[in-house]
Amino acid sequence: MLEAIAFYGLAALILGFGVMVITARSAVHSVVFLVLNFLAVAVVYVVLGAEFLAVIQVLVYAGGIVVLYLFVVMLVNQKRTPEAHHDPHRKTGLGIMLASAVLAEVTAIVVYTASAPSASPIPVSSPVVGGNTEQVGWLLYTDYLIAFEVASMLLLAAMVGAILFARRMD
Amino acid sequence: MTSMGWLLPLVQILIVLNAVLIAVTYMVLLERKVIAWAQSRLGPMRVGPHGVLQPIADAIKLLLKEDITPARADKWLFTIAPIMSLVPALIAFAVIPFGGHARIFGRDVPLFIADVNVGLLYIVSITSIGVYGIILAGYASNSKYPLLASLRASAQLISYEVAITMMLVSVIVTAGTLSMVAIVEAQLHNHVWFVFVQPVALVVLFIGGLAETNRTPFDLAEAEQELTGGFHTEYSGMRFAMFFLAEYANMIVVSAVVTTLFFGGWLPPFPNVGWLAFLGWIPGWMWFLVKCFVFLYVFVWIRATLPRYRYDQLMRVGWKVLIPVALANLFVTAILKVWL
């Protein structure tokens, strides 16, 4: 019961902050709402008992990425008036197409999971006992090793790319 | 546990919150006194004997002062920036173990609010949220100097966070756990304070702690000579005080973390040496507070001793010295952990 109240309250907050992100007038306000959104998501993880994920959510998304984002937003041109939103390069048709594709996908997922027999959650056959930090670590380095390594290669490529760009400057 | 089980955490939170706020105000007095002595002055002497009531006078003054919001400021952000900087500093205390378990009124009461299994990561992530207060304060003030100061502060915090987090990983590898309570217990079971196992980590962590709390020699964000104050230049009254409270509360957090990770938290010195067992008669939370106090004193001592770094020096120390040292330390720790 309490869990349901917490979940629906948080879900409302997440959606509310999400709407604020796209409706806020100033880009910096949007970023602040994005932080609040991420924090609310972290609280959902805590309610679900995934403390490790919650902390990583705060550390990586709310703490790390958004700080960089805020840097960019603050350093780019801030004198954008509402008239400037009429961007001649804006591709409205493409935007609508992508948005409706995502909407269709989400609807399909919801319909599928609602109709499918309740699948048991992925069995965690982890031999380690302890908190979910150990569990997550064990899963990452056994069952999901390939996905994990691919993701780390992606990050490495991004890092090398960034360094390359920075070197070319001088 | 009776049906009043939910009451205990509330009481704990109330006690810790008030104790921290009082400690923070008296930290200001300690700082003024110690710096005064270092400079052959007396420091505050007028309010109460030897100025002991000075913090209370300061608090009343700050509460009564006019609270000004600049006309061109971003009102909403200007209001929430001090909150965003103070709240993370205070909720970080939720996982700090002030002691083990104590028997109070015949029941077993833990002397910490929560013992989550990701305690140390929780502190890292919470303190990384504190940066927003500084960035937003600088931006919302709509004024040149605060903006420059907040950019400096955030660049500094982000750079030093990397080295600190890597060093924390070394400690985690040594202790084999992320829980603050379990880290202290690991020091008891290994019969050694981790300062003797990870001395390099202590040094880097403390330097990083100085940078994270914007203290001398890394207080570039508050360089009065260049920036007329810092990111809080446009703030007055209680909102200004909230930034100050946050800074000092962060200092206490750093001291408490260093105490917990390296100096055995609430354990007395050398708990396994027979003839020193009488030290165990002093309650654990007192040991914890004494050790914390030593580090807070070191913070002030460093401020009284060292000049400020130049900005490029600061960045060079962070990226070219501390991070490689942290990486090497982690590497060596991991190898030793596997082989020994």
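Residues numbered from 1 in each chain as written. Chains lettered and ligands numbered in written order. Predicted model: local features only at pLDDT ≥ 70, side-chain atom pairs only at ≥ 80, totals over all residues. Heavy atoms only, no water.

## Here's the deal with the side chain of Ser236 of chain B
All names here are of chain B.
Okay, so step 1: Structurally, the position occupied by Ser236 is in the loop between helix 8 (224-227) and helix 9 (237-262).
Okay, so step 2: Exposure remark for Ser236: the relative accessible area of 17% places this residue in the buried category.
Okay, so step 3: With near-sequence residues (within four places) excluded, Ser236 lies in contact with Glu66, Asp67 and Ile68. (Helix = DSSP H or I, 4+ residues; strand = E, 2+ residues; numbered from the N terminus. Buried < 20%, exposed > 50% of the residue type's maximum accessible area, 1.4 Å probe, protein only. Contact = heavy atoms within 4.5 Å.)

## A word on the packing of aromatic side chains
All names here are of chain B.
Okay, so step 1: As enumerated under the stated definition, the model contains 17 aromatic pairs over all chains in all.
Okay, so step 2: Consider the rings of Phe218 and Tyr309, whose centres lie 5.5 Å apart with planes at 20 degrees: the pair is stacked. In this pair, Phe218 sits in the loop between helix 7 (199-212) and helix 8 while Tyr309 sits in the loop between helix 10 (284-305) and helix 11 (311-339), placing the two residues 91 residues apart along the sequence.
Okay, so step 3: Owing to a relative accessible area of 2%, Phe218 belongs among the buried residues under this scheme.
Okay, so step 4: Ring plane angle 40 degrees and centroid distance 6.2 Å describe the contact between Tyr297 and Trp301, whose orientation is recorded as tilted. Of the two residues, Tyr297 and Trp301 are both situated in helix 10; the distance of 4 residues between them amounts to about one turn of the helix.
Okay, so step 5: Ring pairs connect the aromatic residues Trp193, Phe206, Phe263, Phe295 and Phe299, which therefore count as one cluster. (Phe/Tyr/Trp six-rings, centres within 6.5 Å; stacked < 30°, edge-to-face > 60°.)

## Concerning the side chain of Thr333 of chain B
All names here are of chain B.
Okay, so step 1: Looking at the secondary structure, you find Thr333 in helix 11.
Okay, so step 2: A distance of 2.6 Å separates a polar atom in the side chain of Thr333 from the backbone oxygen of Asn329.
Okay, so step 3: Leave out the neighbours within four places in its chain, and Thr333 touches Ser170, Val173, Thr174 and Gln198. (Polar contact = N/O pair within 3.5 Å; in protein donor to acceptor, adjacent residues only side chain to side chain.)

## Looking at the pairing of strand 1 (residues 101-104) of chain B
A regular strand carries its side chains on alternate faces of the sheet.
Residues and elements named next belong to chain B.
Okay, so step 1: Across 4 bridges, the pairing between strand 1 and strand 2 (residues 107-110) is antiparallel. From the neighbouring strand, Arg103 faces strand 2, where its bridge partner is Asp108.
Okay, so step 2: Linking strand 1 to strand 2, which pair antiparallel, is a turn of 2 residues; within it Phe105 sits at a positive phi near 55 degrees. (Pairing = 2+ DSSP bridges.)

## Concerning helix 7 of chain B
Residues and elements named next belong to chain B.
Okay, so step 1: The end-to-end C-alpha distance of helix 7 is 20 Å, a good match for the 20 Å that 14 residues give at a rise of 1.5 Å each.
Okay, so step 2: The element helix 7 is extensively covered by neighbouring structure, given that 10 of its 14 residues are classed as buried.
Okay, so step 3: Along helix 7, the residues that are buried comprise Ala201, Leu202, Val204, Leu205, Phe206, Gly208, Gly209, Leu210, Ala211 and Glu212.
Okay, so step 4: Where helix 7 is buried, its residues touch helix 5 (144-175), helix 9, helix 10 and helix 11.
Okay, so step 5: Directly beyond the C-terminal end of helix 7, a positive phi value near 60 degrees is found at Asn214. (Expected span 1.5 Å × (residues − 1).)

## Details of the packing of helix 1 (residues 7-38) of chain B against helix 9 of chain B
A packed helix pair is summarised by two numbers, namely the angle formed by the two axes and the spacing between the axes.
Residues and elements named next belong to chain B.
Okay, so step 1: Relative orientation of the contacting elements helix 1 and helix 9 amounts to 95 degrees, with a least axis distance of 9 Å. By the criterion of interaxial angle, the relationship of helix 1 to helix 9 is roughly perpendicular. Contacts between helix 1 and helix 9 pair Leu21, Ala23, Val24, Met27, Val28 and Glu31 from the former with Leu245, Tyr248, Ala249, Met251 and Ile252 from the latter.
Okay, so step 2: For the contact of helix 1 with helix 9, the class distribution of residues is 10 nonpolar, no polar and 1 charged. (Axes fitted to C-alpha atoms, helices over the stretch in contact; angles between N-to-C directions. Parallel < 35°, antiparallel > 145°, perpendicular 65-115°, else oblique. Nonpolar A, V, L, I, M, F, W, Y, C, P; charged D, E, K, R; others polar.)

## Things to note about unusual backbone geometry
Residues and elements named next belong to chain B.
Okay, so step 1: A positive phi angle, near 55 degrees, is found at Ser40, a position not held by glycine.
Okay, so step 2: With respect to the helices, strands and loops of the structure, Ser40 is situated in the loop between helix 1 and helix 2 (54-64).
Okay, so step 3: Its identity is not glycine, yet His50 carries a phi of approximately 55 degrees, on the positive side.
Okay, so step 4: Tracing the sequence through the fold places His50 in the loop between helix 1 and helix 2.

## Some remarks on the interface of chain A and chain B
Okay, so step 1: Facing the 25 residues of chain A at the interface are 24 residues of chain B.
Okay, so step 2: Summed over both partners, the interface of chain A with chain B comes to about 2100 Å²; 83% of that surface belongs to carbon and sulfur atoms.
Okay, so step 3: On inspection of chain A and its partner chain B, the count reaches 0 salt bridges.
Okay, so step 4: Linking chain A with chain B are 2 residue pairs in polar contact (both at pLDDT 80 or more).
Okay, so step 5: Elements represented by at least two residues in the side of chain A that touches chain B include exactly helix 2 (27-47), helix 3 (51-75) and helix 5 (132-141) of chain A.
Okay, so step 6: When grouped by side-chain class, the residues that make up the side of chain A that touches chain B number 17 nonpolar, 7 polar and 1 charged. (Buried area = accessible area lost by both parts, 1.4 Å probe. Salt bridge = Lys/Arg side-chain N within 4 Å of Asp/Glu carboxyl O.)

## Some words on the confidence of the model for chain B
Okay, so step 1: Mean pLDDT for chain B: 84, with 97% of residues reaching 70 or above.
Okay, so step 2: For this predicted complex, the interface score ipTM comes out at 0.81, alongside a pTM of 0.84. (pLDDT = per-residue confidence, 0-100.)

## Observations regarding the domain arrangement of chain A
Much of the literature gives interface size as the accessible area that the parts lose upon coming together.
Okay, so step 1: By the assigned domains, chain A splits into domain 1 (1-77) and domain 2 (130-170).
Okay, so step 2: Using only C-alpha atoms to locate each centre, domain 1 of chain A and domain 2 of chain A end up separated by 23 Å. (Domains from an automatic or database assignment.)

## With respect to the environment of Glu134 of chain A
Residues and elements named next belong to chain A.
Okay, so step 1: With respect to the helices, strands and loops of the structure, Glu134 is situated in helix 5.
Okay, so step 2: By relative accessible area, Glu134 is classed as partly exposed at 37%.
Okay, so step 3: When the C-alpha positions of Glu134 and Ala99 are compared, they lie 38 Å apart, and in sequence the two are 35 residues distant.

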